[in-house]
Structures are given as structure tokens and as C-alpha cells.
Amino acid sequence: MTLEFDAFYLPTDDDGTFESTPATASPWDHSLQHGGPPAALLARAIESVRSDPALSIARFTADMLGGIPQGTMRVEAHVVRPGRRVELVEASLWAGDRLAVKASAWLIRATPGSTREHWRPEKVPDIPPASSERFFDGVSPDWGYGRAIDWRFISGGYEPGPAAVWARLRVPLVAGEQASPVQRLLTLADSTNGLSGSLPMSEWYFIPPTVTVTIERPPTSEWMLLDARSTIGPDGIGQAHGDMADEHGTFATVAQPLMVAPR
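Residues numbered from 1 in each chain as written. Predicted model: local features only at pLDDT ≥ 70, side-chain atom pairs only at ≥ 80, totals over all residues. Heavy atoms only, no water.

> Give me the nonpolar core: which residues, what numbers.
Ranked by size, the top nonpolar core spans 68 residues in total, and within it Phe60, Trp151 and Met244 carry the most contacts. For Phe60, the contacting residues outside a window of four places in its chain are Ala39, Leu42, Ala43, Ile46, Ala103, Ser104, Ala105, Leu186, Val211, Thr212 and Val213. Counting five residues, the second-largest nonpolar core is a separate cluster that includes Trp166, Trp223, Leu225 and Ala245. (Core = buried A, V, L, I, M, F, W, Y, C linked by side-chain atoms within 4.5 Å. Buried < 20%, exposed > 50% of the residue type's maximum accessible area, 1.4 Å probe, protein only. Contact = heavy atoms within 4.5 Å.)

Right, dumping it as C-alpha cells:
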């Protein structure tokens, strides 16, 4: 597949400022960004200010304060509660003068191998071969975020209902950089609700104002398995849940509340 973009974001001359590319486009409105790339950009800022690289993001929450427009993004982060073993960091993403996303992360010091004898790897399905790509009904085949990721479905697909899919990023988060494992998983995690919506996307909105990802360990390879499911209550509120795995088994869980309404 030939892509007309090289990354989700292009760095500018100003530190902490980036230009979005079509790879960030939301399926709801291509003038807005999908929640995954901004979440990953905030994780990048969080990782850059943490007190020690051994502190690993264990819980990440991003609150979307409205639609995130395409264009220039400014990201900043600061340590709220420093600690040798546990640390709290907050980050903000600005679209012009508007605060667009607010994030917080609890980081926990990783001690390599200290609990390996108690860890039980899990068997996961094989990655299927590539197939012809299509997207949700009513979504353009030129949808940037959809094309920026290689999707390999195990079950479900671009129709209502649960779905399990192997996926990997086709382009880096920031041009000229290799995304960290946590940045890669957060680029994908916000797809949980879209992949598992129980109503047709062409007729209904099921939009999450926030996403929380709890991370047991970073993924060990570029391929990630997302097993997603959604439910809807009687009053226009739903929830989406996802389990993320690599070749060794589950490494993270995703939770999203949903605003459900007809288009």
C-alpha cells in the first residue's frame, strides 16, 4: 500500500509543537483527529519528563475535551507526584489556544525479572495473512487513520459487534522517530469502541469522551492483538472494553464510557 503521509505527526521548529497529518483522521469527521494518535503523543511527553526511564506507564487516562482539530498541536507535561517507585505525571495537548486533551499517568518502577516465576504467558491466535481492506459503511476508503494501520481480523470486522484484530502501525508516531512500545499501544487502544460498536456507524454515534488503559507490561513486538467488545444501556450510555495482547499474551486492558446517539 502506498501512503501519502510518513507519520501521524510532523515536528516543527518549536519544541513540543507538531503538525498533524491525514494519518490522524477520525472516521466521524476527517477534519478532526482520531483519539489514538493524540493519546500517544501525550504518552511521549509523559515519558520525556519522568524522573527515571525505569518508571513505566502503568495507568494512562486521556480526557478528550471536545473534537481535536487537524493542524498545529502543542504538548506539555510535568511531574505532579515524584517518586522513586511510583510517580504521577500529567500532560496537556493544546490546539491553538484551546486545551483539547488532558492526560494523567501513574508510572511504576519496573524491576526486570523480579516476578517472572509468577508470570504465566498465554497462547494467542496466529496473525492471519493480509486481506483486501475496506472500512465502515459511509467511511471513505481514503480514511487516513484506517490506512495508517495494518489490520488483520481474527473475528468480527467493520460491522456491528465484537471484534478481535491483530494490528500494527504502518508509520511512526512522529516523523524521524521510533515510537516507544507504550506509544504504539496507545495509538491503537482508542479504537476499542469503533471496532466493537454494536450499532451501525453510519446511523449512530458511540463516542468516548475518555479512555483509560491499564498496562501490565509494554508489548514486545510491533504486532498487537486487540479483543474489543461494547455494550449499550437503555439511556444512551454505553461502555467499551478491550484486552490487548502480543505473542506472549495479554499486556493491557482498555475501558471507555460511550455517548450513544443517532446521527
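> Go over the environment of Met259, please, and point to the residues and values.
With respect to the helices and strands, Met259 occurs in strand β13 (residues 249-262). Through-space distance from the C-alpha of Met259 to that of Ala45 is 28 Å; in sequence the pair is 214 residues apart. Discounting chain neighbours no more than four positions away, the residues touching Met259 are Tyr205, Phe206, Ile207 and Gly236. (Helix = DSSP H or I, 4+ residues; strand = E, 2+ residues; numbered from the N terminus.)

> I'd like a description of the pairing of strand β8 (residues 163-169), backed by residues and values.
Among the seven residues that make up β8, six are buried, leaving the element largely enclosed by the rest of the structure. Note that strand β7 (residues 149-155) and β8 share six bridges and pair antiparallel. Considered in β8, the bridge of Asp150 is made with Arg168. (Pairing = 2+ DSSP bridges.)

> Break down helix α3 (residues 181-189) for me, with residues and values.
The element α3 is extensively covered by neighbouring structure, given that eight of its nine residues are classed as buried. Of the residues making up α3, those classed as buried are Val182, Gln183, Arg184, Leu185, Leu186, Thr187, Leu188 and Ala189.

> So, the pairing of strand β6 (residues 98-109): which residues are in play, and what are the values?
When strand β3 (residues 55-64) meets β6, the two strands line up antiparallel, connected through nine bridges. The partner of Ala62 across the bridge, within β6, is Ala103. Where strand β5 (residues 86-95) meets β6, 10 bridges bridge the pair, whose relative direction is antiparallel. Bridge pairing in β6 places Ala91 opposite Ala103. Taking the residues that link successive antiparallel strands as the turn, the β5-β6 hairpin has two residues, and the phi of Gly96 there is positive, at about 65 degrees.

> Account for the pattern of salt bridges, with residues named and values stated.
Under the definition given, this model contains nine salt bridges. Glu4 is the salt-bridge partner of Arg147, the closest N and O atoms lying 3.1 Å from each other. Of this pair, Arg147 sits in helix α2 (residues 144-147) while Glu4 sits in the segment before β1 (9-11), and the two are 143 residues apart along the sequence. Overall, the relative accessible area of 11% leaves Arg147 in the buried class. Arg217 is the salt-bridge partner of Asp246, the closest N and O atoms lying 2.8 Å from each other. Pair noted here: Asp246 is in strand β12 (residues 237-246) and Arg217 is in the loop between β10 (210-215) and β11 (224-232), with a separation of 29 residues, a long-range link. Using a relative accessible area of 14% as the deciding quantity, one classes Arg217 as buried. Overlapping salt bridges, with partners in common, bring together Asp150, Arg152, Arg168 and Arg170 in one network. (Salt bridge = Lys/Arg side-chain N within 4 Å of Asp/Glu carboxyl O.)

> Please provide a residue-by-residue account of the packing of aromatic side chains, values included.
Evaluated as defined, the whole model comprises four aromatic pairs. Ring plane angle 80 degrees and centroid distance 5.0 Å describe the contact between Phe153 and Tyr158, whose orientation is recorded as edge-to-face. Given the relative accessible area of 10%, Tyr158 is considered buried. A network of ring pairs unites the aromatic residues Phe8, Trp143, Tyr145 and Trp151 as a single cluster. (Phe/Tyr/Trp six-rings, centres within 6.5 Å; stacked < 30°, edge-to-face > 60°.)

> Any chance you could break down the packing of helix α1 (residues 36-49) against α3 for me, citing the residues and the numbers?
The N-to-C vectors of α1 and α3 enclose an angle of 155 degrees; their axes lie 7 Å apart at closest approach. Accordingly, the angle class assigned to the pair α1 and α3 is roughly antiparallel. Of the two elements, α1 crosses α3, and the hand of that crossing is right-handed. Residues Gly36, Pro37, Ala39, Ala40, Ala43, Arg44 and Glu47 of α1 pack against Val182, Gln183, Leu186 and Thr187 of α3. (Axes fitted to C-alpha atoms, helices over the stretch in contact; angles between N-to-C directions. Parallel < 35°, antiparallel > 145°, perpendicular 65-115°, else oblique. Left-handed = near helix turned anticlockwise from the far one by under 90°.)

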